[in-house]
Amino acid sequence: MLYINCPHCGMRSQNEFSYGGDASVKRPELNKEVSDQEWDNFVYNRKSLRGKHLELWQHISGCRQWIKVERDTTTHEIFRTFKADEEVA
Amino acid sequence: MQKYSIFNLVKNAFSNHQNWDLAWKDPTPKEEYDVVIIGGGGHGLATAYYLAKEHNITKVAIIEKGWIGGGNVGRNTTIIRSNYMHDENGLFSEFGMDLWRKMSQDLNYNVMFSPRGIINLAHSDAQMNAYARRGNSMRLNGIDAVLLNREQVKEIIPMADFSENVRFPIFGGLMQPSAGTARHDAVAWGYARQADSMGVDIIQNCEVIGFDVSAGKIKGIRTSRGNIKAKKVGLCVAGSTNILAEKLNMTLPIETHLLQACVSEPVKPVLDKVVTFGAGHFYVSQSDKGEMVMGGDLDGYNSYAQRGNLPTLQHVLTEGIAMMPFLSKLKMLRTWGGIMDMSMDGSPIIDKTHIEGLYLNCGWCYGGFKATPASGWTFAHTIAQDRVHELNAGYSLNRFSTGHLIDEKGLGTKTWIS
């Protein structure tokens with residue numbers, strides 16, 4: 001069982017969350033010429049890092065907020081969690 | 001190579017079976033090979049076998065970080081089927097079914113192929129319609145499919161829950177009678193033994209740490225046991241694809257996720273089909289030893305752990321008990337996990353890459369085991385001829401850019417969603 005520290009609600013079990021994938025993926029900016037390659041990178045291509053991975057989770061059975069979680073994809077250890085709009089240093 | 005036969009079995013009995021040849025050797029890596037296959041799983045071993053058998057290329061090495069057959073070919077639930085709707089998947093898998101039927105003879109190794117049939121249960125009228133459509137598509141591609149109504153399903157699997165007041169009543173099902181199971185380890189060992197006998201070097205405990213690429217062409221690989229020159233290199237590493245792609249500065253439409261499976265204690269024969277639950281993701285069959293072999297959803301987040309987490313297992317088994325209540329009486333014997341190369345449309349990639357001489361075989365999602373022979377056969381063709389075969393033409397890497405996705409399940413890019 002993973003325990004995720006929701007920045008809004010505190011420590012909760014993974015059963016309350018749903019996964020949203022890689023949080024480092026950025027949607028191409030609006031009002032700008034976007035190449036096919038940029039769209040590919042946004043929609044399909046993923047680094048799928050082994051080790052530290054910054055990812056989106058939604059506290060779907062809690063506050064329903066999207067949050068960012070820094071987690072190790074090999075050990076499943078969770079290092080830090082952030083609000084969705086928080087900058088990750 | 002010593003043939004496995006009743007004659008040799010009797011002969012070796014006189015020496016207490018102490019004098020059998022080793023099934024494959026343990027060679028030290030040579031300086032150079034025509035083809036290096038990275039990954040000694042089912043697909044890698046099959047690729048090497050078909051390179052030697054079909055294309056007469058025997059200066060081949062298989063480079064395996066651990067031991068052969070220790071990854072997903074040893075961790076799956078052994079299901080073999082070709083019940084796909086899309087032409088690309090259906091024709092590819094049905095080609096594989098032919099190879100499965102001949103495999104034990106072909107490899108001189110009993111892979112215990114058991115075409116017992118698979119039933120996908122339907123739990124609504126809409127699902128019955130969808131199955132009728134899929135069944136028709138299968139039959140147009142020459143694949144056997146039978147649409148069963150509730151009574152027919154009840155006759156075949158009376159132990160399923162046919163009571164009136166269940167949340168997901170069984171409306172019927174789609175059966176592929178020729179589908180089945182095989183002994184997964186035997187598949188790896190059978191391919192390894194034959195490939196070895198034709199001159200392929202199977203190099204275990206050898207990790208790839210880098211690639212030598214110059215002027216857009218592959219020159220060789222760097223490993224924990226030294227540098228190896230190679231004219232051609234094939235990647236067959238399933239859940240580790242992204243790790244090697246990073247060393248090649250490639251970003252692929254693949255995410256690595258964790259899938260669990262489990263077996264119960266052995267019980268007397270009760271289930272002679274593979275059965276899948278249609279209102280979630282759960283499948284079950286009974287092994288020859290009597291264990292109920294079960295699996296279902298991914299754990300649902302990126303993982304390289306090769307071990308699972310209990311909430312998903314509980315969720316999957318809840319579906320199992322909803323489908324077949326007697327399962328709740330069984331004790332669990334073992335659970336384990338493997339890491340899946342989840343592609344962004346749920347279908348695999350067998351293709352050339354932008355690097356000359358580098359070939360890619362990945363994206364098998366949940367369905368790698370059944371594809372072992374067809375994947376090896378088409379990948380060997382792609383490497384040997386430096387062009388894709390018509391069977392894997394649809395499994396191109398650039399289909400994500402061009403929009404020619406093969407989205408069998410209609411899940412979009414989040415194939416890990418359950």
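Residues numbered from 1 in each chain as written. Chains lettered and ligands numbered in written order. Predicted model: local features only at pLDDT ≥ 70, side-chain atom pairs only at ≥ 80, totals over all residues. Heavy atoms only, no water.

### What about the pattern of salt bridges?
All names here are of chain B.
Here's step 1: What the rule picks out here adds up to 21 salt bridges over all chains.
Here's step 2: Of the charged contacts, one joins Glu-31 and Lys-229 as a salt bridge, the two residues approaching to 3.9 Å between their closest N and O atoms. Here Glu-31 is found in the loop between helix H1 (6-13) and strand E1 (32-38), whereas its partner Lys-229 is found in strand E11 (residues 226-235), with 198 residues between them in sequence.
Here's step 3: Its salt-bridge partner being Arg-334, residue Glu-291 comes within 3.9 Å of it at the nearest N-O pair. Of the two residues, Glu-291 sits in the loop between strand E14 (282-286) and strand E15 (292-302) while Arg-334 sits in strand E16 (residues 332-343), which places them 43 residues apart along the sequence.
Here's step 4: Note on Glu-291: relative accessible area 7%, which makes it buried.
Here's step 5: Through salt bridges that share partners, Lys-53, Glu-54 and Asp-106 make up one connected network. (Salt bridge = Lys/Arg side-chain N within 4 Å of Asp/Glu carboxyl O. Helix = DSSP H or I, 4+ residues; strand = E, 2+ residues; numbered from the N terminus. Buried < 20%, exposed > 50% of the residue type's maximum accessible area, 1.4 Å probe, protein only.)

### Considerations on a nonpolar patch on the surface
Here's step 1: Taken together, the side chains of Ile6(B), Phe7(B), Leu9(B), Val10(B) and Phe14(B) present a nonpolar region at the surface, about 610 Å² in accessible area.
Here's step 2: Along the chain, the position of Phe14(B) falls in the loop between H1 and E1. (Patch = residues over 30% accessible without salt bridge, like charges linked within 9 Å, V, L, I, M, F, W, Y side chains within 5 Å. Areas by Shrake-Rupley, 256 points an atom, 1.4 Å probe, with all protein chains shown as cover.)

### So, the sheet that holds strand E3 (residues 18-22) of chain A
Residues and elements named next belong to chain A.
Here's step 1: With antiparallel pairing, four strands are arranged side by side in an open sheet as E3-E4-E5-E6. Single-partner strands in this sheet number two, and they are E3 and strand E6 (78-83). Taking each pair of neighbouring strands and ignoring which way they run, the sheet shows an average axis angle of 30°.
Here's step 2: Two strands pair when backbone bridges link them, and strand E5 (residues 66-72) and E6 are joined in this way by five bridges, in the antiparallel orientation. Note that in E6 the partner of Arg-71 across the bridge is Ile-78. (Pairing = 2+ DSSP bridges. Axes fitted to C-alpha atoms, helices over the stretch in contact; angles between N-to-C directions.)

### A look at the confidence of the model for chain B
Here's step 1: The predicted model of chain B has a mean per-residue pLDDT of 96, with 100% of residues at 70 or higher.
Here's step 2: Scoring of the predicted complex yields 0.96 for pTM and 0.95 for ipTM. (pLDDT = per-residue confidence, 0-100.)

### Let's talk about the side chain of Thr372(B)
Here's step 1: By secondary structure assignment, the location of Thr372(B) is in helix H9 (residues 372-385).
Here's step 2: Those residues in contact with Thr372(B), other than ones at most four positions away along the chain, are Gly42(B), His43(B), Ala46(B), Trp100(B), Val187(B) and Tyr191(B). (Contact = heavy atoms within 4.5 Å.)

### Let's talk about the environment of Ser82(B)
Residues and elements named next belong to chain B.
Here's step 1: Assignment of secondary structure puts Ser-82 in the loop between strand E3 (79-80) and helix H3 (87-107).
Here's step 2: On the accessibility criterion, Ser-82 (0% relative accessible area) is buried.
Here's step 3: When the C-alpha atoms of Ser-82 and Met-138 are compared, they prove to be 8.4 Å apart, with 56 residues separating the residues in sequence.
Here's step 4: Here Ser-82 is in contact with Ser-93, Glu-94, Met-97, Met-138, Ile-143 and Gln-176, once residues within four sequence places are set aside.

### Observations concerning the interface of chain B and chain A
Here's step 1: Counting residues at the interface gives 27 residues for chain B and 23 residues for chain A.
Here's step 2: A buried area of about 2100 Å², summed over both sides, lies between chain B and chain A, and 52% of it is on carbon and sulfur atoms.
Here's step 3: Three residues, Tyr301(B), Asn302(B) and Tyr304(B), lead the burial of chain B against chain A; their summed loss comes to 28% of the area buried on that side.
Here's step 4: Applying the counting rule to chain B against chain A returns one salt bridge.
Here's step 5: Measuring nitrogen to oxygen at the nearest pair gives 3.7 Å for the salt bridge that ties Arg46(A) to Glu255(B).
Here's step 6: For the pair chain B and chain A, the interface holds 11 residue pairs in polar contact (both at pLDDT 80 or more).
Here's step 7: For the side of chain B that touches chain A, the elements supplying multiple residues, two or more each, are helix H7 (241-247), strand E12 (254-264), E15 and helix H10 (399-402) of chain B. (Buried area = accessible area lost by both parts, 1.4 Å probe. Polar contact = N/O pair within 3.5 Å; in protein donor to acceptor, adjacent residues only side chain to side chain.)

### So, the layout of surface pockets
Think of a ball as big as a water molecule: rolled over the atoms, this probe shows where empty space is left.
Here's step 1: Within this model, the second largest pocket holds a volume of roughly 440 Å³.
Here's step 2: A class-by-class count of the residues in the lining of the second largest pocket yields five nonpolar, nine polar and six charged. (1 Å grid on protein atoms, 1.4 Å probe; cavity = no way out; pocket = protein on both sides within 12 Å on 5 of 7 lines; lining within 4 Å. Points joined across faces, edges and corners; volume = space filled by probe spheres on them. Nonpolar A, V, L, I, M, F, W, Y, C, P; charged D, E, K, R; others polar.)

### Description of the sheet that holds strand E4 (residues 118-122) of chain B
As a general point, the strands of a sheet are linked pairwise by backbone hydrogen bonds and lie either parallel or antiparallel.
All names here are of chain B.
Here's step 1: One open sheet holds the eight strands; their spatial order is E5-E6-E4-E13-E14-E15-E12-E16, and the pairing between them is mixed. Looking at strand neighbours, the two that pair on one side only are strand E5 (146-149) and E16, the edges of this open sheet. Ignoring which end each strand starts from, the neighbouring axes of this sheet average 25° apart.
Here's step 2: Two elements, E12 and E16, share 11 bridges in a ladder whose sense is antiparallel. Bridging across to E16, Ile-254 finds its partner in Ser-343.
Here's step 3: Sitting on the sheet, helix H8 (residues 310-323) touches E4, E12, strand E13 (274-277), E14, E15 and E16, and the angle it makes with E15 is about 140°.

### A closer look at the environment of Arg150(B)
Residue and element names in this part refer to chain B.
Here's step 1: By the secondary structure assignment, Arg-150 is in helix H5 (residues 150-156).
Here's step 2: The exposure class of Arg-150 is partly exposed, given its relative accessible area of 21%.
Here's step 3: The sequence separation of Arg-150 and Leu-121 amounts to 29 residues, and the corresponding C-alpha distance is 9.4 Å.
Here's step 4: Apart from the residues lying within four places of it in its own chain, the contact partners of Arg-150 are Phe-162, Ser-163, Glu-164, Ile-170, Phe-171 and Gly-172.
Here's step 5: There is a polar contact of 2.5 Å between the side chain of Arg-150 and the backbone oxygen of Phe-162.

### Overview of unusual backbone geometry
Here's step 1: Positive phi, normally seen in glycine, also occurs at Ser48(A), with a value near 45°.
Here's step 2: Considering the arrangement of structural elements, one finds Ser48(A) in the loop between helix H1 (36-43) and strand E4 (52-58).
Here's step 3: For Ser48(A), a relative accessible area of 3% translates into the label buried.
Here's step 4: Phi is positive for Asp386(B), close to 55°, though the residue is something other than glycine.
Here's step 5: Assignment of secondary structure puts Asp386(B) in the loop between H9 and H10.

### Side note on the packing of aromatic side chains
Here's step 1: Taken as a whole and judged by the stated rule, the model has 16 aromatic pairs over all chains.
Here's step 2: Aromatic pair Tyr49(B) and Tyr50(B): ring centres 4.9 Å apart, planes at 70°, arrangement edge-to-face.
Here's step 3: Residue Tyr49(B) is classed as buried on the basis of its relative accessible area, which comes to 2%.
Here's step 4: Grouped by ring-pair contacts, the aromatic residues Tyr19(A), Trp57(A) and Tyr301(B) constitute a single cluster.
Here's step 5: Here Lys52(A) stacks its cationic end above the ring of Phe79(A), 4.7 Å away from the centre of that ring. (Phe/Tyr/Trp six-rings, centres within 6.5 Å; stacked < 30°, edge-to-face > 60°. Lys NZ or Arg CZ within 6 Å of the ring centre and 35° of its normal.)

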